[in-house]
Amino acid sequence: MTRRHPRAGLLTAALLLLLTGCAGGQDGDDEAEEHPSQQPTAPSASAPPSATGSPGPRWQPRPGTRWQWQLGGSVDTGVDAPVYDIDGFENSAETVARLHARGRKVICYVNAGAWEDFRPDQRRFPKELLGKKNKGWDGEKWLDIRRLDVLRPIMAARFDMCRQKGFDAVEPDLTEGFRNRTGFPLTAGDQLAFNRMLASLAHERGLSIGLKNDLEQIPQLVDDFDFAVNEQCAQYGECERLTPFIKKGKAVFHVEYDLSTEKFCATAQRLGLSSMRKKLELDAWRQPC
C-alpha cells in the first residue's frame, strides 16, 4: 500500500490566515512566526557548486535520536526534542535560529515529487511536467521526475533556500512516485536517478538529506542518504525494512498515526527507530516512545 505524507490539511487555510494577520504563536515563548512567501533564487547555471557556499561537515543523526515533526501551525520551539522537522517555505531564518539557540538541529521539509499550486515558485514548473492530481491533496499534481534537466535547477533553488535560512538538513517528500499513478510511465530506475540527484544537490550545499518512505529502494539508496523518514511502518508490518539505515549508524525518524504507542514502541525501540505518534495534521502534539 502506498503511503503519502499527511501534510496538514489546513495548510492553505493557514496561509490565508497569515495573510490577514491572524496567525499566532502556540505558547508564551513563541510570538507569531514569520512565514515569508520567499521565492527561491535559482543558482547560476554556469556557477560551480562552490559558488553557493563552502559546504562544511554534514550533520549525521544517530539511531535513536528524538525528534519533533511539525508542519501545521506556528512552530512550538519549546518541545523537548533535539531534532525538528518543519516546513522550509513556511518558516523563517529567525525560527531556525531560535531553534538553534536551543541546541536543536532543524530539517527543511519540501515537496520534491509533486507540484503544489500554493508555493511561491509554482510558476517555474513547466506545464508539461505536471501529471495527474495527487489524490487526496488539493492543489497537487505529480511531477515527471524523468526530466532531471528541468527539475535540477528548481530543486537546487529550493535547497539553496533551506541552506540560506540555516537549516541543517532537508526532507524531500513524495520520492516514490514510480509506485503511484502519476500520469507518466515512471520506472524504478527513474526514481533512483531522481532521488540520487536530490541527495547530490543537498550534499553539494553541506546539507544532510533523508529518504522519505520508498522502502523498496532502501538497499540501493542507503549509502546516498544520511537518515530516513518513515510513516506507518508498524501499521503495515514493514519496520524491519528500515534496518539498513540503523546498521549504517543512521537515524530512522518514524511516526504512526492510528496505532497507540503500546502497539509499536517496543518494536521501534528494539530496532533502534526514533518513533512517536502524531496527529494527521502534524501540529505540535506528539507522543514519543
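Residues numbered from 1 in each chain as written. Predicted model: local features only at pLDDT ≥ 70, side-chain atom pairs only at ≥ 80, totals over all residues. Heavy atoms only, no water.

*Asks:* Whenever I open this one, helix α2 (residues 93-101) confuses me. Can you help?
*Replies:* Along an α-helix, residues three or four positions apart point the same way, because every turn accommodates 3.6 residues. Among the residues of α2, those classed as buried are T95, V96 and L99. Relative to the axis of α2, the buried residues are bounded by an arc of 100° and lie together on one face. Lining the buried residues of α2 we find β2 (83-87) and β3 (105-111). Phi for G103, located one or two positions after α2, is positive at around 80°. (Buried < 20%, exposed > 50% of the residue type's maximum accessible area, 1.4 Å probe, protein only. Helix = DSSP H or I, 4+ residues; strand = E, 2+ residues; numbered from the N terminus. Arc of directions from axis to C-beta. Contact = heavy atoms within 4.5 Å.)

*Asks:* Hey, could you run me through the state of the cysteines in this one?
*Replies:* Working definition of a disulfide: a covalent bond connecting the sulfur atoms of two cysteines. In the structure shown here, the tally under the stated rule is three disulfides. One disulfide bridge connects C233 with C239, the sulfur atoms lying 2.0 Å from each other. Between C233 and C239 the disulfide shows an S-S torsion of about 85°. By sign, it is right-handed. Here C265 connects covalently by a disulfide to C289, the sulfurs 2.0 Å from one another. Around the S-S axis, the bridge from C265 to C289 shows a dihedral of about -85° and counts as left-handed. Placement of C265 in helix α7 (residues 265-271) and of C289 in the segment after β12 (287-288) is noted, with a sequence separation of 24 residues between them. Looking at C265, the relative accessible area reads 9%, which means it is buried. (Disulfide = S-S within 2.5 Å.)

*Asks:* Got a minute to help me understand the pattern of salt bridges in this structure?
*Replies:* Side chains that differ in sign of charge can pair as their charged atoms come close. Counted under the stated rule, the structure contains 18 salt bridges. With a closest N to O distance of 2.8 Å, D144 and R146 form a salt bridge. For D144, a relative accessible area of 7% translates into the label buried. Looking at R146, the relative accessible area reads 37%, which means it is partly exposed. In this structure, the salt-bridge partner of K248 is D223, at a minimum N-O distance of 3.0 Å. Taken together, the positions of K248 in the loop between α6 (243-247) and β10 (252-256) and D223 in the loop between α5 (218-221) and β9 (227-231) put the pair 25 residues apart, joining distant regions of the chain. For K248, a relative accessible area of 45% corresponds to the partly exposed category. Overall, the relative accessible area of 55% leaves D223 in the exposed class. Within this structure, D87, E90, E116 and R119 form a network of salt bridges that share partners. (Salt bridge = Lys/Arg side-chain N within 4 Å of Asp/Glu carboxyl O.)

*Asks:* What is the right way to read the sheet that holds strand β11 (residues 274-277) from this model?
*Replies:* Within a sheet, adjacent strands bond to each other through the backbone by hydrogen bonds, running parallel or antiparallel. Spatially, β1-β2-β3-β7-β8-β9-β10-β11-β12 is the arrangement adopted by the nine strands of the open sheet, whose pairing is mixed. Either end of the sheet is taken by a strand with one partner, and the two such strands are β1 (67-70) and β12. Relative to β3, β2 runs parallel, the two being bridged by five bridges. Among the inter-strand pairings, V83 is bridged to a residue of β3, identified as K105. Relative to the sheet, helix α3 (residues 148-164) contacts β3, β7 (169-173) and β8 (208-212), its axis offset from that of β3 by approximately 155°. (Pairing = 2+ DSSP bridges. Axes fitted to C-alpha atoms, helices over the stretch in contact; angles between N-to-C directions.)

*Asks:* Hey, could you run me through the packing of aromatic side chains in this one?
*Replies:* Tallying each qualifying case throughout the model produces four aromatic pairs. Relative to W69, the ring of W67 has its centre 5.4 Å away and its plane inclined at 25°; by these criteria the two rings are stacked. For the pair formed by W67 and W69, the shared burial category is buried. Among the aromatic residues, ring-to-ring pairing joins W59, W67, W69, F227 and F253 into one connected group. (Phe/Tyr/Trp six-rings, centres within 6.5 Å; stacked < 30°, edge-to-face > 60°.)

*Asks:* Help me understand helix α4 (residues 188-204) in this model?
*Replies:* With 17 residues, α4 ought to run about 24 Å at 1.5 Å a step, and its terminal C-alpha atoms sit 24 Å apart, in line with that. All buried positions along α4 are accounted for by D190, Q191, L192, F194, N195, M197, L198, A199, L201 and A202. Of the surrounding elements, those touching the buried residues of α4 are α3, β7, β8 and α5. With its phi angle positive at about 75°, G206 sits one or two positions after the end of α4. (Expected span 1.5 Å × (residues − 1).)

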